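# Structural overview for review
Here's the letter readout for the chains.
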Amino acid sequence: MPDGAGDGDPGQCSDDQDNGRPGPATTTAPAPPPTPAPASTTTTGPASGPGPDGGQHVYNNFYGPQYHGRAHFGIGAGAGKGGHTRATGLLEADEIDALLRSYVRPGCFDDAAQELTRTGVVVLSGSRGTGKRSAAVALLREVVGPSADYVVLSPDIGLDQLAERSFDSGVGYVVLDRTAGGDAPGRSTDFDWRRVRDQVRRHRAHLVITTVHGLDGPPPEAVRHLPWQPPALEKVVRARLVQGRVPQETLARAMEGIPARCPVAVAAEAADRIAAGDDPGQVWKEHTGSAPRAVLDWFGVEGERTLHEIAEVTTLAFAPGVGRRDFESLQENLEQHLEPVYFTPEPSLAAEAGTAVPGPDAQGTEPREARPAPSHRRARPADRRRSLARNALVTTEMQLYGSTTREVMVFADPELRRWVLQELWRGYPTEYWDAVRDWLATVIDAGPGPDLQLSIASGLALLGHVAFDEVMECYLSPWARGEGGESGHDTALYVLWYMCLEEAPAAAALTLARTWAQSADPRLRSTALGAFGGQLGISFPTDAVRWLWVLLQRSLHTEYAAREAMDAWARLFLVLADCRQDAGIVLEALAYRIGREQRTRSAAYSPIGVLVLGACLRVLTVREPLSGRSAIARYTADRPGEAALAAQLWAAVICHRPLRREALTALLGAARALPAVTSDPTSAAERLGRALVDALPPVELPLFTSEFSRLAAARQARPTDPDCVAILLGALNRAKDSHPQ
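What comes next concerns the included structure. (Residues numbered from 1 in each chain as written. Predicted model: local features only at pLDDT ≥ 70, side-chain atom pairs only at ≥ 80, totals over all residues. Heavy atoms only, no water.)

### Some details on the packing of aromatic side chains
Counted only if it meets this: Pairs were defined over the aromatic rings of Phe, Tyr and Trp, the Trp ring being its six-membered one, requiring ring centres within 6.5 Å. Orientation was assigned from the angle between planes: stacked under 30 degrees, edge-to-face over 60, tilted for the rest. Remark: exposure states derive from per-residue accessible area (1.4 Å probe, protein chains only) relative to the maximum for the residue type, with buried under 20%, exposed over 50%, and partly exposed in between.
A full pass over the atoms with the stated rule returns 12 aromatic pairs. Centroid distance tyrosine 103 to phenylalanine 109: 6.1 Å. Interplanar angle 55 degrees. Geometry classified as tilted. The class for tyrosine 103 is partly exposed, based on a relative accessible area of 22%. For phenylalanine 109, a relative accessible area of 1% puts it in the buried group.

The following block contains the structure:
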């Protein structure tokens with residue numbers, strides 16, 4: 001049974017689809033944004049949905065690591081991986097090997113393994129970067145065995161859902177960084193944990209939960225919560241370097257350079273880079289776990305930084321990769337908002353304006369008064385370019401732009417952006433951040449281009465690492481409610497999607513989108529639909545299907561909300577199929593709902609059933625953004641086993657007379673697209689035809705075949721070789737002739 005099996009209550013929805021329909025972690029080449037993007041910037045592919053005016057609303061979806069302003073997002077940082085895909089589901093063998101290849105057991109490992117063996121459930125609590133993810137998988141391998149399947153469940157899953165879901169016998173389950181957001185109101189009790197433990201035991205499974213949150217009250221007796229202690233950094237680094245067979249000289253340099261208080265996860269990543277051939281000194285410089293020396297020196301200079309200097313680094317933190325003119329315009333705009341905070345005039349500007357400037361006179365004794373500026377003389381504009389040239393954190397680079405190049409402003413090192421934002425947050429008052437909020441609001445209200453909009457979103461996602469409440473309360477929630485217009489709405493989505501590209505903030509993004517989906521505000525629910533139809537749905541497909549179902553039900557009495565909810569199903573299918581993830585989870589959920597309607601309704605579909613049929617039609621008609629071809633055609637051609645599932649949806653929509661014509665048109669387009677999407681279109685068309693014969697009621701087959709033949713004849717297209725429409729019709733006619741009239 002797919003996720004979302006319950007009627008309306010997400011807590012009743014099963015997570016069984018997490019048991020694995022894993023897709024390969026590859027990505028596609030997405031479409032460019034509405035304006036040309038620099039070649040060094042990852043371009044995103046659009047997926048369309050309805051806009052507030054009922055027209056099409058374009059979102060930019062991104063499916064792998066992103067580099068905006070040379071700041072990296074995604075798990076594949078510098079490792080050459082394909083980037084972050086789904087965060088839940090069946091763990092592949094290569095993922096397990098990567099986690100455990102050089103695993104070092106900490107002192108508390110044996111205690112946790114004994115507890116997992118005894119009760120079947122254990123909770124590991126500790127701060128991020130202490131190795132809890134690797135420990136959870138290592139514990140399952142120790143207790144369940146290396147040949148068992150390991151399944152990652154949603155971090156937003158509640159104790160009630162864990163206590164009511166089914167587990168497969170002999171399978172190990174993991175909940176990483178559980179948020180407790182799905183729990184019932186109030187503090188979890190020993191009774192809640194006892195229900196979870198008994199359910200896991202009943203199915204002879206094992207469950208490891210990790211969390212960064214401590215207990216509010218006394219620990220439960222039913223399930224032990226172990227404070228997790230990371231292994232010694234020296235052991236972690238040495239194990240990875242020995243595994244990588246680095247020379248002894250490099251090993252010695254790497255061991256000597258380990259910084260104090262470095263998180264174990266950061267140390268492991270640094271060791272992998274050293275094993276790959278990078279210089280230990282440079283690697284440890286970038287992986288200290290604290291701000292780089294350049295940032296510390298810049299912010300630690302004697303005396304307060306000037307308004308211009310603060311505006312420079314702030315502008316670059318939120319708008320890297322823009323040209324000089326645009327950068328200076330943004331900086332000037334920010335300075336106007338910051339002036340009430342930095343009310344002391346700049347010395348150079350004060351002198352130009354004729355105000356008193358303290359300093360010695362010609363003899364070096366008494367302070368002098370600046371000469372009054374002549375009334376006919378205008379104050380010289382601030383020389384921002386010279387000031388930028390003196391800023392050690394800022395530089396320029398040349399980016400390809402079509403057949404030419406353009407000069408853009410960037411940080412001197414890709415890692416500086418994250419640390420600059422952290423230092424700004426820790427060192428500057430609320431008044432400063434109020435000014436930044438107002439500045440970004442004016443930029444968003446002006447309708448920025450897609451590159452600037454994505455840069456702002458990535459900057460807010462980075463700020464969320466140290467100030468998530470600030471990002472949520474001052475930016476995401478207001479923009480999600482429509483306060484920033486269409487640009488603000490889209491930027492809020494992009495922030496959530498960027499958060500999903502890194503492991504730690506992904507759970508927070510999921511929790512926030514869930515709260516929007518549960519909101520009574522239709523604008524927040526609309527934003528939740530957009531979030532689950534993008535990167536959030538790629539990372540957490542099971543949660544996306546569950547909440548799209550809830551939102552579809554809540555849209556029942558509003559025409560526009562219903563259209564938007566149905567379109568969200570198509571967007572989720574498209575992005576999952578586009579990035580080669582398992583879009584079948586969408587088809588299965590819709591097929592389950594249709595089957596339930598058909599079993600419980602003797603005549604017409606219920607109102608919610610009609611909406612499900614509408615969602616099916618949109619999934620079957622959605623087209624790829626680049627080629628314009630049928631997405632379902634490519635999906636069924638790439639995954640032959642899914643043809644029967646797609647045929648179930650087609651049969652249901654075809655048999656519903658109000659949608660029949662559109663369904664036939666979608667089928668015709670899919671058949672004609674097969675020669676362009678597969679090397680064996682004949683088999684694909686024959687397979688789809690047989691699946692339709694099996695899915696359609698026998699009484700419908702003759703009429704359907706006749707109508708489809710007339711539609712194909714009326715809508716002639718350029719001939720293809722082979723003629724997949726004729727092949728599909730041949731399969732239908734053979735079945736029709738074999739059935740009694």
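Now, onward.
### Considerations on the pairing of strand β8 (residues 172-175)
Definition in use: A helix here means a DSSP run of H or I that spans at least four residues, while a strand means a run of E at least two residues long, and both kinds are numbered starting from the N terminus. A pair of strands is labelled paired if DSSP reports no fewer than 2 bridges between them. By convention, orient the strands away from the viewer: a clockwise path from the first strand over the helix to the second makes the crossover right-handed.
In β8, alternate side chains face the same way, and those of Gly172 and Val174 on one face and Tyr173 and Val175 on the other are all buried. Across 4 bridges, the pairing between strand β7 (residues 150-153) and β8 is parallel. Note that in β8 the partner of leucine 153 across the bridge is valine 175. The parallel pair β7 and β8, bridged by helix α4 (residues 159-164), forms a crossover whose chirality is right-handed. Sheet topology places β8 next to strand β9 (residues 206-211); 4 bridges connect them, and they run parallel. In the sheet register, glycine 172 faces β9, and the bridge partner there is histidine 206.

### Section: helix α2 (residues 109-119)
Heads up, the condition is: Throughout, the arc means that of the directions going from the helix axis to the C-beta atoms. Contacts: residue pairs with any heavy atoms within 4.5 Å of one another.
Of all the residues in α2, the buried ones are Phe109, Ala112, Ala113, Glu115, Leu116 and Thr119. Each buried residue of α2 lies within a common arc of 165 degrees when the element is viewed along its axis, so the set occupies one face. The exposed residues of α2 that point more than 90 degrees off its buried face are Gln114, Thr117 and Arg118. Those residues of α2 that are buried are in contact with β6 (121-125), α3 (132-143), α5 (190-202), β9 and β10 (225-227). Just downstream of α2 lies glycine 120, where phi reads positive at about 90 degrees.

### A word on the packing of helix α20 (residues 503-517) against helix α23 (residues 541-554)
Selection rule: Between N-to-C directions, angles span 0 to 180 degrees; the directions come from axes that are lines fitted to C-alpha atoms, helices contributing only their stretch in contact. Roughly parallel refers to an angle under 35 degrees, roughly antiparallel to one over 145, roughly perpendicular to one between 65 and 115, and oblique to any angle outside these ranges. The sense of a crossing depends on the near helix, which, turned anticlockwise from the far helix by less than a right angle, makes the crossing left-handed and, turned clockwise, makes it right-handed. Throughout this entry, Asp, Glu, Lys and Arg are counted as charged residues, while Ala, Val, Leu, Ile, Met, Phe, Trp, Tyr, Cys and Pro are counted as nonpolar. The remaining residues, Gly among them, count as polar.
Between α20 and α23, the shortest axis-to-axis distance is 10 Å and the interhelical angle comes to 15 degrees. Considered as vectors, α20 and α23 are oriented roughly parallel to each other. As for how α20 packs across α23, the hand of that crossing is left-handed. From α20, Leu510, Arg514 and Ala517 reach across to α23, where they touch Asp543, Trp547, Leu551 and Arg554. Along the lines of polarity and charge, the residues of the contact of α20 with α23 split into 4 nonpolar, no polar and 3 charged.

### Here's the deal with the nonpolar core
Rules: Take the buried residues of types Ala, Val, Leu, Ile, Met, Phe, Trp, Tyr and Cys, join any two whose side-chain atoms come within 4.5 Å, and each joined set is a nonpolar core.
Core analysis: the biggest nonpolar cluster contains 161 residues, and Trp569 and Trp650 have the highest contact counts within it. With 12 residues, the single largest contributor to this core is helix α24 (residues 559-578). Dropping the residues within four chain positions of it, tryptophan 650 is found in contact with Leu620, Ile632, Ala663, Ala666, Leu667, Ala670, Leu688 and Leu692. Judged by nonpolar contacts, the second largest core, of 26 residues, contains Leu116, Val137, Val143 and Val208.

### Side note on helix α28 (residues 643-655)
Threshold: What a helix is expected to span follows from its residue count: subtract one and scale by 1.5 Å.
Taking 1.5 Å per residue as the helical rise, α28 with its 13 residues ought to reach 18 Å, and the 18 Å between its terminal C-alpha atoms agrees with that figure. Counting buried positions over the 13 residues of α28 gives 10, a clear majority of the element. Listed as buried for α28 are Ala643, Leu645, Ala646, Ala647, Leu649, Trp650, Ala651, Ala652, Val653 and Ile654. In this structure, the buried residues of α28 make contact with α25 (584-600), α26 (607-621), α27 (631-638), α29 (660-677), α30 (681-695) and α31 (701-714).

### Here we look at the sheet that holds β9
The 6 strands are arranged β5-β7-β8-β9-β6-β10 in an open sheet whose pairing can be described as mixed. Both outer strands of the open sheet, β5 (89-90) and β10, are each paired with one neighbouring strand and no more. One ladder, built from 2 bridges, connects β5 with β7; its direction is antiparallel. Residue leucine 90 lies in a different strand from β7, and its bridge partner there is valine 151. Lying over the sheet, α2 contacts β6, β9 and β10, oriented at roughly 150 degrees with respect to β6. Along the sheet face, α3 touches β6, β7, β8 and β9 and points at about 165 degrees away from the line of β9.

### Some remarks on the pattern of salt bridges
Applicable threshold: One side-chain nitrogen of Lys or Arg within 4 Å of one carboxyl oxygen of Asp or Glu is enough to make a salt bridge.
Counted by the stated rule, this structure contains 32 salt bridges. The salt bridge partner of glutamate 707 is arginine 660, with a shortest N-O separation of 2.6 Å. Of the two residues, glutamate 707 sits in helix α31 while arginine 660 sits in helix α29, which places them 47 residues apart along the sequence. One network of salt bridges, with partners in common, ties together Asp111, Glu115, Arg118 and Arg224.

Any functional reading would require information that these geometric values do not contain.
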